[in-house]
Amino acid sequence: MFRFIHCADIHLDSPMRGLRFVDDSVIDSVRGATRRALENLVELCIQEKVDFLVIAGDVFDGDWEDYTTGLFFNRCMQKLDAADIPVYLIRGNHDAASVLTRHLTLPGNVRVFSERHPETVRIDALQVAVHGQSFAVRDVTENLVLGYPQAVPGYFNIGILHTGLAGREGHARYAPCQLDDLRALGYNYWALGHIHQPEIVLSEPWVVYPGNVQGRHIREAGERGCVLVTVDGSDVTLEQKALDVVRWLEVSCDIEDVLTLGDVLPTVKSAVAQAAAPHPGIPLCMRIGLKGSTPAHQFLYQDVEQLTHEIVNAAQWAVSQPVYVERVAVAPNHAGAASFCAVGPSDSLTGVLQGVAEDRTLQTALAEQLSSWHRLLLGRMQEQDAPSPVDATDTRELVRQALMEVTARLQGGATRGDT
Ligand SMILES: [Mn+2]
């Protein structure tokens, strides 16, 4: 019987992106999240007395800003060395050999697989063979698996590989390969990296993405960690283990039929409490969205800033752990949004905005415009303060939100004028 931990995509010192409703002291504590998650990994290895650790690429987010990133990683590896736990790792697209310009000598327990050809390490005491190849450059477009050797007979064979397989939505298609390529080699376990969403792709043989160890933005929502593998004869058991120190969650609040701001907030509170229930104790980074049409639409939107902060307030009130709000998306659908406007100039303005909301070409142009502003902002801000890049989806959302806001404000103005 032996046990190992399979992790990938540590992205050490990668910033947490997009937190808007938090102050600097929180940002500082959240910034170290990937380091804390790596410490949790080391602690788990020692606690579970694993026989070895496998890291399937992207230990680093890119070239180190300074040596402290490497020093921190080595400190963690030295702890594993002191506990006699070997580490087998490959470099991925983010920390490919050509990407990293700074280097530090690793402790003797860490084996980095070559980026020139696949290598095999045999652990004879356990009858385990570990095969792997690092990325030489960021854009590895060839199928690396074709170079991997056949399984060592009688051994438990593990293949470490950083790959997007035959293509995964939202991920660059590095080192592409087919599941049949993996099957053909007769390995027992494919320890994959690159896709940050945890996924057991196959169970015969095991083809596993452990996901990244720490979510870094709203598109990496949910629990993050590693996989603890126990091999007992022909029995292989997998356990997902959480390592993350803050967790991203998207919360959707249905405000259908809600009539006043006073009624919206309890709705938000209960939606947040419900979404947070499976994640006790861990600080949460949240995106909160309101959905559903409400007759109170025009009142809610008269002061979006107030509404937004009341929602943040309700969210942090709803649960006992810290809640950091990334974004409040107050854009509920209202079938009759335009009908709130009195006949007059507001009609044509609403018409124009609705036109934008439906015009893909105009959205692309807008997205380009926003991106150039974004680049300009990036040049003037610290990276952690910079807004996330704008894409076409964001633009549609922005336009939708603008439509709601303008309509509501016009309506508010008209209402005040009437009285
Ligand atoms: Mn990665």
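As the structure is a computational prediction, the values presented were derived from the model and not from experiment.

Draft legend 1. Local environment of the sheet that holds strand β14 (residues 284-291). Pairing within the open sheet is parallel, and its three strands lie in the order β13-β14-β15. Only two strands of the sheet have a single partner each, and these edge strands are β13 (247-254) and β15 (323-330). Each strand of the sheet is rotated relative to its neighbour by a mean of 20°, with strand direction disregarded. Against the sheet, helix α7 (residues 304-318) makes contact with β14 and β15, and its axis sits at roughly 140° relative to β15, the strand it touches most.

Draft legend 2. Representation of the environment of Tyr 67 within the structure. Examined against the element boundaries, Tyr 67 turns out to sit in the loop between β2 (52-56) and α3 (68-82). Judged by its relative accessible area of 39%, Tyr 67 falls in the partly exposed class. Distance in space between the C-alpha atoms of Tyr 67 and Arg 102 is 7.3 Å, their sequence separation being 35 residues. Sequence-distant contacts of Tyr 67, that is, excluding residues within four places in its chain, are made with Arg 102, His 103 and Leu 104.

Draft legend 3. Summary view of the coordination of the manganese ion. The coordination sphere of the manganese ion contains the protein donors Asp 9 (OD), His 11 (NE2), Asp 58 (OD) and His 196 (NE2), at a distance range of 2.0 to 2.4 Å. Counting along the primary sequence, the residues that act as donors to the manganese ion give the motif D-x1-H-x46-D-x137-H. Of this pair, Asp 9 sits in the loop between β1 (2-7) and α1 (24-31) while His 196 sits in the loop between β8 (189-193) and β9 (199-203), and the two are 187 residues apart along the sequence. Residue His 196 is classed as buried on the basis of its relative accessible area, which comes to 9%.

Draft legend 4. View of the confidence of the model for the chain. Confidence in the prediction of the chain, expressed as mean pLDDT, is 86, and 87% of residues score 70 or more. Here residues 335-344 scores under 50 on pLDDT; set against residues more than four positions off or in separate chains, the count is 16 contacts. Note that pLDDT drops below 50 for residues 413-419; the model gives that stretch one contact with residues more than four away or on any other chain.

Draft legend 5. Molecular detail of α1. All of the buried residues in α1 are Val 26, Ile 27 and Val 30. Looking down the long axis of α1, one finds its buried residues gathered within 100° of arc, a one-sided arrangement. In this structure, α1 carries Asp 24 and Ser 25 as exposed residues pointing more than 90 degrees from its buried face. At its buried positions, α1 is contacted by α2 (33-47) and β15.

Draft legend 6. View of the packing of aromatic side chains. If you walk through the whole model with that rule in mind, you get 13 aromatic pairs. Aromatic pair Phe 2 and Phe 52: ring centres 6.2 Å apart, planes at 25°, arrangement stacked. Taken as a pair, Phe 2 in strand β1 and Phe 52 in strand β2 lie far apart in primary sequence, 50 residues in all. Neither residue differs from the other here; Phe 2 and Phe 52 are each classed as buried. A ring pair is formed by Phe 52 and Tyr 88, whose centres lie 5.7 Å apart and whose planes are at 70°; its orientation type is edge-to-face. On the criterion of sequence distance, the pair formed by Phe 52 in strand β2 and Tyr 88 in strand β3 (residues 87-90) is long-range, its members being 36 residues apart. The class of Tyr 88 is buried, set by a relative accessible area of 8%. Within the aromatic cluster, the residues linked to one another by ring pairs are Phe 2, Phe 4, Phe 52, Tyr 88, Phe 113, Phe 156 and Tyr 189. For Arg 111, the ring lying beneath its charged end belongs to Phe 113, and the centroid distance is 5.7 Å. We note Lys 269 situated over the ring of Trp 317; from NZ or CZ to the ring centre the distance is 4.0 Å.

Draft legend 7. Seen up close, the environment of Ile 158. Among the secondary structure elements, Ile 158 is positioned in strand β7 (residues 156-162). Sequence-wise, Ile 158 and Val 130 are 28 residues apart; in three dimensions their C-alpha atoms are separated by 4.8 Å. Excluding anything up to four places from it in sequence, Ile 158 contacts Phe 4, Phe 52, Val 128, Ala 129, Val 130, His 131, Tyr 187, Tyr 189 and Ala 191.

Draft legend 8. Here's a closer look at α2. An ideal rise of 1.5 Å per residue puts 21 Å on 15 residues; α2 measures up with 21 Å between its terminal C-alpha atoms. For α2, the full list of buried residues reads Ala 33, Thr 34, Arg 35, Ala 37, Leu 38, Leu 41, Val 42, Leu 44 and Cys 45. Looking at the buried positions of α2, the neighbouring elements they touch are β1, α1, β2, α3, β11 (225-232) and β12 (235-242). Two residues or fewer past α2, Lys 49 is found with a positive phi of approximately 50°.

Draft legend 9. Main features of the sheet that holds β8. Judged by pairing direction, the sheet is mixed, and its six strands sit side by side in the order β5-β6-β7-β8-β10-β9 without closing on themselves. The two strands at the open ends of the sheet, each matched to only one other strand, are β5 (119-123) and β9. Pairwise comparison of adjacent strand axes, ignoring direction, gives a mean angle of 15° for this sheet. Relative to strand β10 (residues 206-209), β8 runs parallel, the two sharing three bridges. The residue of β10 that forms the bridge with Trp 190 is Val 207.

Draft legend 10. Fine view of the packing of helix α5 (residues 261-276) against α7. Contact pair α5 / α7: the axes reach a minimum separation of 8 Å and the direction vectors enclose 40°. Our classification of the angle between α5 and α7 gives oblique. Where α5 crosses over α7, the handedness of that crossing is right-handed. In this structure, α5 uses Leu 261, Leu 265, Val 268, Lys 269, Val 272 and Ala 273 to contact α7, whose residues at the interface are Leu 307, Glu 310, Ile 311, Ala 314, Ala 315, Trp 317 and Ala 318. Across the contact of α5 with α7, the residue classes tally to 11 nonpolar, no polar and two charged.

Draft legend 11. Representation of the pairing of β12. In terms of strand pairing, β11 meets β12 through eight bridges, oriented antiparallel. For Leu 228, the partnering residue across the bridge sits in β12 and is Glu 239. Taken together, β11 and the strand that follows it, β12, pair antiparallel across an intervening segment of two residues, in which Gly 233 is found at a positive phi of about 60°.

Rules used throughout
Residues numbered from 1 in each chain as written. Predicted model: local features only at pLDDT ≥ 70, side-chain atom pairs only at ≥ 80, totals over all residues. Heavy atoms only, no water. Pairing = 2+ DSSP bridges. Helix = DSSP H or I, 4+ residues; strand = E, 2+ residues; numbered from the N terminus. Axes fitted to C-alpha atoms, helices over the stretch in contact; angles between N-to-C directions. Contact = heavy atoms within 4.5 Å. Buried < 20%, exposed > 50% of the residue type's maximum accessible area, 1.4 Å probe, protein only. Donors = N, O, S within 2.8 Å, 3.2 Å for Na, K, Ca; no water. pLDDT = per-residue confidence, 0-100. Arc of directions from axis to C-beta. Phe/Tyr/Trp six-rings, centres within 6.5 Å; stacked < 30°, edge-to-face > 60°. Lys NZ or Arg CZ within 6 Å of the ring centre and 35° of its normal. Expected span 1.5 Å × (residues − 1). Parallel < 35°, antiparallel > 145°, perpendicular 65-115°, else oblique. Left-handed = near helix turned anticlockwise from the far one by under 90°. Nonpolar A, V, L, I, M, F, W, Y, C, P; charged D, E, K, R; others polar.

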